[in-house]
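So the chains spell out like this:
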Amino acid sequence: IKSISDLSSEDLVAINEIETDLKERGEPKLWNFYADLALGGIFNQNVNSVSKTRTKQSDDEIVAFDTAKFDRVYSGSAGFTAIRSIGEASSMMFNLSGTGSEQDVETTDNFESLGLTFGFDTSIGNHGLSPYLMLNTIDYETDAINTSFMAGFGNYYAINDAHSLNYGYSYSDSKNNQSPSYPAADATNLISQSISAGYDFTLNETISTSLGLGYADTNAKVDTNDYENFDLDLRLNLSLPFAYVSIGNLLSVVEYSTIDSSINSNLLRSDMTNTSDIMLTKAIGDFFPSIDPDRSFFITLSYEKIISESNLLNYDYISDSFSIGFNKSLHLNQ
């Protein structure tokens with residue numbers, strides 16, 4: 001452009017400024033490093049899934065279900081992510097994260113966890129392929145240590161700017177550490193495989209929707225914990241001027257394969273669960289630009305309602321919960 005003979009002096013100044021800016025930026029970084037910090041709280045109106053009648057079945061008898069319903073859970077997490085570009089259309093990601101959780105009244109959600117995730121993303125035409133590997137361990141205060149492994153992949157196919165398809169597969173293996181304190185912990189060891197498919201539609205910059213179908217088959221060491229589940233997920237996303245709002249509804253049908261005689265020796269458990277939720281996310285910088293000038297500090301408010309219908313009293317319940325979370329992301333080598 002600078003060699004054009006009739007280039008005006010104003011244009012030449014502008015081109016020189018662009019050239020200087022490009023030189024200062026240098027070559028694109030092969031590695032990018034990020035840190036994430038999060039704090040949150042969940043306020044649950046039925047943390048133990050107490051049945052609607054406050055009764056449950058045990059050894060073919062109906063007994064009282066007197067467990068506490070209301071509780072609060074507070075959590076904090078920190079994560080470190082490294083991303084490396086590979087060519088023009090691929091990248092790989094490593095993430096190490098840790099979480100601590102504390103329950104206010106009971107102890108079932110008192111735990112510390114550590115997770116490692118590896119992911120690879122690549123584009124082939126209109127396809128975006130993403131295989132991944134996840135390792136996780138959870139140290140419960142009043143339960144056995146759980147170690148899990150998950151591997152799978154997802155594929156995103158863009159039909160055009162408005163329509164896209166996605167599908168995926170995952171395999172997971174979850175084990176509980178059996179010990180003298182928890183001699184029956186391995187009874188709930190699980191191996192699960194799942195498949196999913198979805199359709200996304202973007203109406204405009206403000207409105208988008210998604211439809212998802214899922215199926216999973218879970219096999220446990222003790223057969224009474226074997227089940228299949230079928231999922232239908234609908235979601236509406238609104239990118240509004242005041243916040244990002246996401247509204248969803250998940251319908252799950254769960255069919256167990258073996259009767260649990262310790263509950264009811266005549267009924268094979270079957271559940272249908274409807275989960276509705278609404279989530280609102282806002283950058284703190286929209287309120288306080290001086291605190292969050294790059295708008296990377298977010299507050300999230302969400303509400304969830306679960307209605308579970310089951311042929312066993314134990315799993316026939318309604319649960320409501322409200323949560324608040326704060327998340328800050330830092331680009332360490334920007």
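Everything here concerns the structure above.
Before going into details, it helps to say that this report is about the structure given with it. (Residues numbered from 1 in each chain as written. Predicted model: local features only at pLDDT ≥ 70, side-chain atom pairs only at ≥ 80, totals over all residues. Heavy atoms only, no water.)

### A short note on the overall build of the protein chain
- Within the protein chain one finds 1 helix and 16 strands.
- Burial status across the protein chain gives 27% buried among its 334 residues.
- The long-range fraction of contacts in the protein chain, counting pairs at least 24 apart against all pairs at least 6 apart in sequence, stands at 54%.
- Surface summary for the protein chain: the accessible area is close to 19900 Å², and the carbon and sulfur share equals 60%.
- Separation of charge centres in the protein chain, based on 18 positive and 46 negative side chains, amounts to 5 Å. (Helix = DSSP H or I, 4+ residues; strand = E, 2+ residues; numbered from the N terminus. Buried < 20%, exposed > 50% of the residue type's maximum accessible area, 1.4 Å probe, protein only. Contact = heavy atoms within 4.5 Å. Areas by Shrake-Rupley, 256 points an atom, 1.4 Å probe, with all protein chains shown as cover. Lys, Arg positive; Asp, Glu negative; His and termini not counted. Charge placed at Lys NZ, Arg CZ, Asp CG, Glu CD.)

### Overview of the pattern of salt bridges
- Taken as a whole, this structure holds 11 salt bridges when the rule is applied.
- Residues Arg72 and Asp104 are paired through a salt bridge, measuring 2.2 Å at the closest nitrogen-oxygen approach. Separated by 32 residues along the polypeptide, Arg72 in strand E4 (residues 71-86) and Asp104 in the loop between strand E5 (90-103) and strand E6 (111-124) bring together distant segments of the chain.
- Between Asp277 and Arg235 there is a salt bridge whose closest N-O contact spans 2.9 Å. Taken together, the positions of Asp277 in strand E14 (residues 270-283) and Arg235 in strand E12 (residues 227-239) put the pair 42 residues apart, joining distant regions of the chain.
- For Arg235, a relative accessible area of 22% translates into the label partly exposed.
- By sharing partners, the salt bridges in this structure join Lys52, Glu309 and Asp316 into a single network. (Salt bridge = Lys/Arg side-chain N within 4 Å of Asp/Glu carboxyl O.)

### Regarding the side chain of Thr81
- In this structure, Thr81 sits in strand E4.
- Once you skip the residues sitting within four places of it in the chain, Thr81 turns out to touch Asn32, Phe33, Tyr34, Asp36, Met93, Phe94 and Asn95.

### As for the environment of Asn110
- Its place among the elements puts Asn110 in the loop between E5 and E6.
- Look at Asn110 and you get buried, because its relative accessible area is 4%.
- Expressed as a C-alpha distance, the spacing of Asn110 and Gly100, which sit 10 residues apart in the sequence, is 7.7 Å.
- One polar contact links the side chain of Asn110 to the main-chain amide nitrogen of Gln103, over a distance of 2.5 Å. (Polar contact = N/O pair within 3.5 Å; in protein donor to acceptor, adjacent residues only side chain to side chain.)

### Re the environment of Leu133
- For Leu133, the position within the fold is in strand E7 (residues 127-140).
- For Leu133 and Tyr34, which are 99 residues apart along the polypeptide, the C-alpha to C-alpha distance reads 19 Å.
- Setting aside anything within four residues of it in sequence, one finds Leu133 in contact with Leu116, Thr117, Phe118, Phe149, Met150 and Ala151.

### Notes on the pairing of E5
- Pairing analysis gives 14 bridges linking E4 to E5, with the strands arranged antiparallel. If you follow Gly79 over to E5, its bridge partner there is Ser97.
- Where E4 hands over to E5, the hairpin turn is made up of 3 residues, of which Gly87 adopts a positive phi near 70°.
- Direction of pairing for E5 relative to E6: antiparallel, over a ladder of 12 bridges. Within E6, the position partnered with Gly100 by the bridge is Glu112. (Pairing = 2+ DSSP bridges.)

### What to know about unusual backbone geometry
- Within the chain, Ser49 stands out as a residue other than glycine whose phi angle is a positive 55°.
- Since its relative accessible area comes to 24%, Ser49 is described here as partly exposed.
- Positive phi, close to 50°, is recorded for Asp59, a residue that is not glycine.
- Asp59 sits in the exposed class, given a relative accessible area of 54%.

### Regarding the side chain of Asp226
- Mapping Asp226 onto the fold places it in the loop between strand E11 (207-220) and E12.
- There is no salt bridge for the buried Asp226, and the closest opposite charge comes from Arg269, which lies 12 Å off by N-O distance.
- Discounting chain neighbours no more than four positions away, the residues touching Asp226 are Thr218, Asn219, Ala220, Glu255, Tyr256 and Ser257.

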